[in-house]
Amino acid sequence: MVFDLAESLTVAARHVVAPLLARQLTFSFDIEEPDLWVEGDVHATARGLHRLLTGALDLLTSGMLVISASVHDMRPVVHIGGVGETADDDAVTRLLVCLSLQERAASAATRVGIGTCPIMGADVSLVVDRDEGFILDAHLPYPIVGGSPRPPSAQGAPLWLMSVRGAGVEIVRRRFRRLGWNVVVFEGDQAADAGAALLNHEAPALVVALEPQATVSAAVRGWLSLPFPSTTRRVLGVPLGSHCLSKAPDPAWVVHPVPFSPRDLSLLTATHEPGFDVDTLSSPLDEPTALPRLLIVDDNPTNRVLASAVANVLGYDAELAEDGSQGVQACLERAPAVVLMDVNMPVMDGIEATRRIRVAQRRGEIVPFAIIGATADTTPEIVQACKQAGMDVVLHKPLDVQDLAAHLRRLCLTAPRDRAQTLL
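Residues numbered from 1 in each chain as written. Predicted model: local features only at pLDDT ≥ 70, side-chain atom pairs only at ≥ 80, totals over all residues. Heavy atoms only, no water.

### Brief notes about the state of the cysteines
Working step 1: For the coordinates displayed, the defined rule picks out zero disulfides.
Working step 2: No disulfide involves cysteine 117; its sulfur sits 10 Å from the nearest other cysteine sulfur, which is in cysteine 98.
Working step 3: For the unlinked cysteine cysteine 412, the closest cysteine sulfur is that of cysteine 331, found at 13 Å. (Disulfide = S-S within 2.5 Å.)

### Examining the pairing of strand β6 (residues 101–106)
Working step 1: Sheet analysis places β6 next to strand β7 (residues 110–116), joined by five bridges and oriented antiparallel. In the sheet register, alanine 105 faces β7, and the bridge partner there is valine 112.
Working step 2: Between β6 and the antiparallel strand that follows it, β7, lie three residues. (Pairing = 2+ DSSP bridges. Helix = DSSP H or I, 4+ residues; strand = E, 2+ residues; numbered from the N terminus.)

### Structural notes on the pairing of strand β9 (residues 133–139)
Working step 1: With respect to burial, β9 is a largely interior element, five of its seven residues being buried.
Working step 2: The sheet contact formed by strand β5 (residues 75–83) and β9 spans seven bridges and is antiparallel. Following the sheet pairing, glycine 82 is matched in β9 by phenylalanine 134.
Working step 3: Sheet topology places strand β8 (residues 123–129) next to β9; seven bridges connect them, and they run antiparallel. Bridged to valine 127 within β9 is isoleucine 135.
Working step 4: Connecting β8 to the next strand, β9, in antiparallel fashion are three residues. (Buried < 20%, exposed > 50% of the residue type's maximum accessible area, 1.4 Å probe, protein only.)

### Some points on the nonpolar core
Working step 1: One finds Leu59, Leu126, Phe134, Leu136, Phe176 and Trp181 to be the most contacted residues of the largest nonpolar core, which totals 73 residues.
Working step 2: Per element, the largest residue contribution to this core is nine residues, and it comes from helix α1 (residues 5–22).
Working step 3: The contacts of leucine 126, once residues within four sequence positions are left out, are Leu59, Leu95, Leu96, Leu101, Arg111, Val112, Gly113, Phe134, Ile135 and Leu136.
Working step 4: Counting residues in hydrophobic clusters, the runner-up holds 24 residues, among them Phe186, Val207, Trp223 and Phe228. (Core = buried A, V, L, I, M, F, W, Y, C linked by side-chain atoms within 4.5 Å. Contact = heavy atoms within 4.5 Å.)

### Overview of the sheet that holds strand β16 (residues 317–321)
Working step 1: Here we have five strands laid out as an open sheet, ordered β16-β15-β17-β18-β19, and parallel in their pairing. Each edge of the open sheet is held by one strand with a lone partner, namely β16 and β19 (393–396). Adjacent strand axes in the sheet meet at a mean angle of 25° when their direction is disregarded.
Working step 2: Direction of pairing for strand β17 (residues 338–342) relative to strand β18 (residues 370–375): parallel, over a ladder of five bridges. Counted as the bridge partner of valine 339 is isoleucine 371 from β18.
Working step 3: The strands touched by helix α8 (residues 301–313) within the sheet are β15 (293–297), β16 and β17, with β16 carrying the most contacts at an inclination of about 160°. (Axes fitted to C-alpha atoms, helices over the stretch in contact; angles between N-to-C directions.)

### Considerations on the packing of aromatic side chains
Working step 1: For the structure on display, the rule yields seven aromatic pairs.
Working step 2: For the pair tryptophan 160 and tryptophan 223, a centre-to-centre distance of 6.3 Å together with 50° between the ring planes defines the contact as tilted. Here tryptophan 160 is found in strand β10 (residues 158–163), whereas its partner tryptophan 223 is found in helix α6 (residues 218–224), with 63 residues between them in sequence.
Working step 3: When its relative accessible area of 0% is taken as the criterion, tryptophan 160 is described as buried. (Phe/Tyr/Trp six-rings, centres within 6.5 Å; stacked < 30°, edge-to-face > 60°.)

### Overview of the packing of α1 against helix α2 (residues 42–59)
Packed helix pairs are specified by the crossing angle of their axes together with the interaxial distance, meaning the distance between the axes.
Working step 1: Orientation of α1 relative to α2, taken along the N-to-C sense of each, is 35°, at an axis distance of 9 Å. Like other packed secondary-structure pairs, α1 and α2 cross with a definite hand, here right-handed. Of α2, the residues touching α1 (which contributes Leu5, Ser8, Leu9, Ala12, Ala13, His15, Val16, Pro19 and Leu20) are Val42, Thr45, Leu49, His50, Leu53, Thr54 and Leu57.
Working step 2: Residues belonging to the contact of α1 with α2 are distributed by class as follows: eleven nonpolar, five polar and no charged. (Left-handed = near helix turned anticlockwise from the far one by under 90°. Nonpolar A, V, L, I, M, F, W, Y, C, P; charged D, E, K, R; others polar.)

### Here's the deal with the sheet that holds strand β14 (residues 254–257)
Working step 1: Ordered by their spatial adjacency, five strands build an open sheet running β11-β10-β12-β13-β14, and the pairing between neighbours is parallel. For this open sheet the edge positions go to β11 (182–187) and β14, each flanked by a neighbour on one side alone. Taken pair by pair, the neighbouring strands of this sheet meet at an average axis angle of 20°, ignoring direction.
Working step 2: Sheet topology places strand β12 (residues 206–210) next to strand β13 (residues 233–238); five bridges connect them, and they run parallel.

Laid out in structure tokens, this is it:
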């Protein structure tokens, strides 16, 4: 099938941003190519990209993860780089094995591996420099289809970009500038004061604030409170899993997961080019054509019926499994949008089922998705075991419907959302 690889790479990156930031790492995401429409397997691509990104994340212990894409000989190339301190030799060896790479060169300072991704059929190369970082490249076998329309232009409209952390903001600024925006960057804890002073003289057409934490920091909250005119569009970029995705800190601000895709930036720009047809832009891969599927794994038939009814009310199509083993099998056969996993079950409990699902995702057998645990025993020991296995959050039974809905909105990219909270 024909699909937009830029959208696929964006979605894959969103699933690793939260764990990356939780480890005090930073990230940079950029797609300069104006045309990354390819002919290939979109589902295998999603699995393969997640396999590469999670492997790369394990290799970086400090610094920044750099994600980008380019075109070489009419074939797309995905670049994943680590700038900073890398893990020890054992971790490099594990990654070579995990990615099915054969080591071709090794020295006191450098290790090199090459191979073929069994998921996407991409030619993969890994170069690790112990002092500088690493480069992980994947040359995909998909031909470039071409023919996508040119992006819109903001035609010099003013854009204010605010970031608490400086790393990566320059790339975001550059991406907006390519679309014709006149970008002013505000950084650090004093960004709100600088913005307030400038607001006395001019007003931006668009304001973009980047919040790397799961909750809104004082610096960003000060930025959100600035008295922008009603004509100024406001976007808050947050990592997947942020509580802002379940409830916007201010109704005037649209909350959107980072990184922004090329389509996201085009939608924000299109209103400044009269007559631009947004229908010519690619469709987002995280926008389902049907209801998102919520897999409910619970050994209690009453709980399954009740959870299924709640799922339907919240806008999900419910699928049921009676134990952890059935849940793992259901995920392998057809990946859901999100899993609601009971912790205490016969045959296979929720902790072991979650562990096996996460391993399968790292291997590229399943696309990434959130797993929400549910148990009546929310002691610290049980919660810790659940999270170590890979659950994103653990909820207390009986479930509170509004609480579950909030967690689904912040953890699931395809969660039903208020149409008012869109970029266009």
